[in-house]
Amino acid sequence: MLRTLLLLAPIFAVSPQDEGAPSKSDGSVVLNRGPESIAIVIPEKEILEYRVILNVAVIGATDVGDFTLSAGTDVYRPGLPASGVTASGDERIAWIRAHAAGSYLGYRMDHEITARHLPKEWPATVYRATQRGSENRRRELMYGVREGEPSAWYRSDRHCKKCKRREHFVEGGLFSGERHCKKCKRGEHRVWKKPVTRKIPARSVDMLTSIHLARSIVRDDIKEVRYVMLDKAKEWDVTLTRVARKKIKTPAGEFWCRAVKLDPQAPKDEEREEKFKGLFGIHGTLSIWLEERTGVPIVIEGVVPIGPFDVDIELQLKKAKGVPPEFGPAK
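For the structure given in this document, a descriptive report is provided here. (Residues numbered from 1 in each chain as written. Predicted model: local features only at pLDDT ≥ 70, side-chain atom pairs only at ≥ 80, totals over all residues. Heavy atoms only, no water.)

What follows deals with empty space enclosed by the protein. Tallied over the entire structure, the rule returns one cavity of 30 Å³ or more. Put simply, the largest cavity is a space of about 30 Å³. Residue lining of the largest cavity: M207, F276, G278, L279, I282, G284 and L286, and that is the complete set. The residue makeup of the lining of the largest cavity, split by class, is five nonpolar, two polar and no charged. (1 Å grid on protein atoms, 1.4 Å probe; cavity = no way out; pocket = protein on both sides within 12 Å on 5 of 7 lines; lining within 4 Å. Points joined across faces, edges and corners; volume = space filled by probe spheres on them. Nonpolar A, V, L, I, M, F, W, Y, C, P; charged D, E, K, R; others polar.)

This is the structure we're talking about:
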């Protein structure tokens, strides 16, 4: 995506109506990304429920949990109005939430990610991820325009190291007394690391918002989009490409879909050996099959590592609420 312009404006301008965007009579909100950029539409109240399928060699397809992708809008209240002043209620927050819960071979996961887009320069977006279960961790990312520059603020947690908090002590053995735990899995024994602040390219977006960007290119019949994705304390150069069309059958019905490939690559000026890890640990290239009229995600495909093996994962739509009226099964 273009990295010029808008240096003195928010990365996202949240607006209930934008020229050239779909009608907002349904209460949805447009994230206006500036000239020559694709707007992202966040529906007023949408809930998409999926089943999570692992395709394991020999064992075959196994249902391992549930995934919910929801979005909505709220009135923006920056603070209490002055005495005698009534808040206008015109400005709105657009939010996206993803929640995955399940278990496989003794590994338990309850993972929630949220992105809140605010009608202000800093932070324009607040992105949070919380994982519980066999592993526990928290991450926070804020981005927008700060002191005239597109910027990001990021922090993550870690297991505490020999702190003095008594609640982090565990019982000792036969010949030792009470001691501080060592790399335990308890979420309450994790503390925040020092945050990192950095400059970022204009119009960067997070992983969760990228799904709605993919919806826009299907809905608006656009072939390809390039942009920068923010992930933890790093950036990835991403290409979204609209490719195949086919009819897909899911528990929610049969739909005509267009596939969008999300291909993240390390910036050309960086040497990076690690693979990209997307939503809930999905590695590398992600395929999203979207209903061709509305862009509603029907199936999300990728690969997740389980021990030494990479396993295919598929999220299949089973229920949809608050979707556009044009959404429906194939005829």
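Let us look at the packing of aromatic side chains. This model, assessed by the stated rule, comprises two aromatic pairs. Summarising the aromatic geometry, the rings of Y50 and F67 are spaced 5.5 Å apart at their centres and angled 50° between planes, so their arrangement reads as tilted. Linking Y50 in strand β4 (residues 45-56) with F67 in strand β5 (residues 60-75), this pair joins segments that are 17 residues apart in sequence. Of the two residues, Y50 and F67, both sit in the buried class. Taken together, a centroid distance of 5.1 Å and an interplanar angle of 25° make the contact between F255 and F327 stacked. (Phe/Tyr/Trp six-rings, centres within 6.5 Å; stacked < 30°, edge-to-face > 60°. Helix = DSSP H or I, 4+ residues; strand = E, 2+ residues; numbered from the N terminus. Buried < 20%, exposed > 50% of the residue type's maximum accessible area, 1.4 Å probe, protein only.)

Right, let's talk about the nonpolar core for a bit. Counting 66 residues, the largest nonpolar core has F67, L69, L208, Y227 and L240 as its most contacted members. Looking at which element gives the most residues to this core, the answer is helix α1 (residues 207-219), with seven residues. (Core = buried A, V, L, I, M, F, W, Y, C linked by side-chain atoms within 4.5 Å.)

A few words now on the environment of E46. Tracing the chain through its elements places E46 in strand β4. Taking relative accessible area as the criterion, E46 reaches 2% and is therefore assigned buried. Each C-alpha atom of the pair E46 and S70 lies 5.4 Å from the other, and the pair is 24 residues apart in sequence. Sequence-distant contacts of E46, that is, excluding residues within four places in its chain, are made with L69, S70, A71, R215, V296, K321, G322, V323 and P324. Reaching out from E46, the side chain makes a polar contact with the side chain of R215 at a distance of 2.8 Å. (Contact = heavy atoms within 4.5 Å. Polar contact = N/O pair within 3.5 Å; in protein donor to acceptor, adjacent residues only side chain to side chain.)

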